[in-house]
Amino acid sequence: MRKLLIVGNWKMHLNASQASLLVHRLSERIKIHRDIEVVLAPSMLALQPLSLQIDRRKFRLASQNAYFHDEGAYTGEVSFTMLRELVHYGIIGHSERRHIFDEDLNMVRDKMAAAIRNEITPILCVGETKHERQDGETKQVLHDQLMTALSNLTAHEVGKIVIAYEPIWAIGQVAAKPDQVKDAVAYTRGYIADVFNDSAAKKVRVLYGGDVAPEVIHGLLAVPGVDGFLIGRASLNYQTFADIVEAAHRWQRNHETSKEGE
Ligand code: 13P
């Protein structure tokens, strides 16, 4: 049985006490499922208190960002080294970081190396803008983002990371259609098979992100090669987020049952 990964990216919302309350509410509603891993990515400020609060059988933590040097004169930054006891995962190259904070391909590559060096699993975000899609450049954009971000990694390391396909036109707008996700996910795994090896392409977990809501879960989980979701707005509402986890669990159960009947 493949294990699904559901990540809530809270972005720049919730102070430490609001974050703690949300975790409390989520704990009441989300059950422990062997087939689903639930990850929360609160603000940097909330990571420390939440790391003490969470039931680790239910939740793991991710940072939304971190700097690529481990230590030094970098005012205002937090390193992966500082996060290593707190988080399992680190989101890297989110489109908001690339576009609003001008993170370029090389910086994303260096952050990937820093996360791995510090034994934090990267969740690498890739995806095209609306114009790039309209101009037929989706695959080229994915190619360039994957090529740089993964350039210093071994096949073994690539097999252990997570890649989130988050088309920028979908974030906060309208979820991509299953066919669109299918093409991007197939391209991503194909790239990894070509450049690394089949084993890495099979093992790497690929998520979809962009306006994910409970209604689209089943359609998107039916897309071959999708291992879960990276969720923004809907992860801030405990009921909706719990509904997404339940919908994913139901899908897993039905899928397993139908496989057993084959
Ligand atoms: P939304 O789910 O709000 O579209 O955000 C997606 C996202 O950017 C998650 O990282």
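Quick caveat: nothing in here was measured; it's all calculated off a predicted structure.

Caption draft 1: Up close: the sheet that holds strand 1 (residues 4-9). The strand order around the closed barrel built from 8 strands is 1-2-3-4-5-6-7-8, with neighbouring strands paired in parallel fashion. If you compare each strand with its neighbour and ignore which way they point, the axes differ by 25° on average. Examined bridge by bridge, strand 1 and strand 2 (residues 36-41) share 6 bridges and lie parallel to one another. Bridging across to strand 2, Leu-4 finds its partner in Ile-36.

Caption draft 2: Representation of the packing of helix 1 (residues 16-29) against helix 2 (residues 44-53). In the contact formed by helix 1 and helix 2, the axes pass within 9 Å of each other and the chain directions differ by 30°. It follows that helix 1 is roughly parallel to helix 2 by the angle criterion. Handedness of the helix 1/helix 2 crossing: right-handed. Between helix 1 and helix 2, the residues in contact are Ala-16, Ala-19, Ser-20, Val-23 and His-24 and Ala-46, Pro-49, Leu-50 and Gln-53, respectively. Taken together, the residues of the contact of helix 1 with helix 2 sort by class into 6 nonpolar, 3 polar and no charged.

Rules used in this analysis
- Sequence order sets the numbering: in each chain, residues are counted from 1 along the sequence as written.
- Local features are withheld for residues below a pLDDT of 70 in this predicted model, meaning they are given only at 70 or higher, and side-chain atom pairs are given and counted only at 80 or more; totals for whole chains, interfaces and linings count all residues.
- With hydrogens and water stripped out, all remaining heavy atoms of the structure feed into the side-chain values.
- For two strands to be treated as a pair, DSSP must find at least two bridges joining them.
- Put simply, DSSP marks the helices as runs of H or I at least four residues long and the strands as runs of E at least two long, and each gets a number from the N terminus on.
- Think of each axis as a best-fit line through the C-alpha atoms, taken over the contacting stretch in the case of a helix, with angles from 0 to 180 degrees between the N-to-C directions.
- Here the angle decides the label: under 35 degrees means roughly parallel, over 145 means roughly antiparallel, 65 to 115 means roughly perpendicular, and every other value means oblique.
- A clockwise turn of the near helix away from the far one marks a right-handed crossing, whereas an anticlockwise turn of less than a right angle marks a left-handed crossing.
- The contact rule is simple, with two residues in contact once any of their heavy atoms fall within 4.5 Å.
- All residues other than Ala, Val, Leu, Ile, Met, Phe, Trp, Tyr, Cys, Pro, Asp, Glu, Lys and Arg, Gly among them, are scored as polar; the first ten of these are nonpolar and the last four charged.

In short, geometric facts, not functional conclusions.
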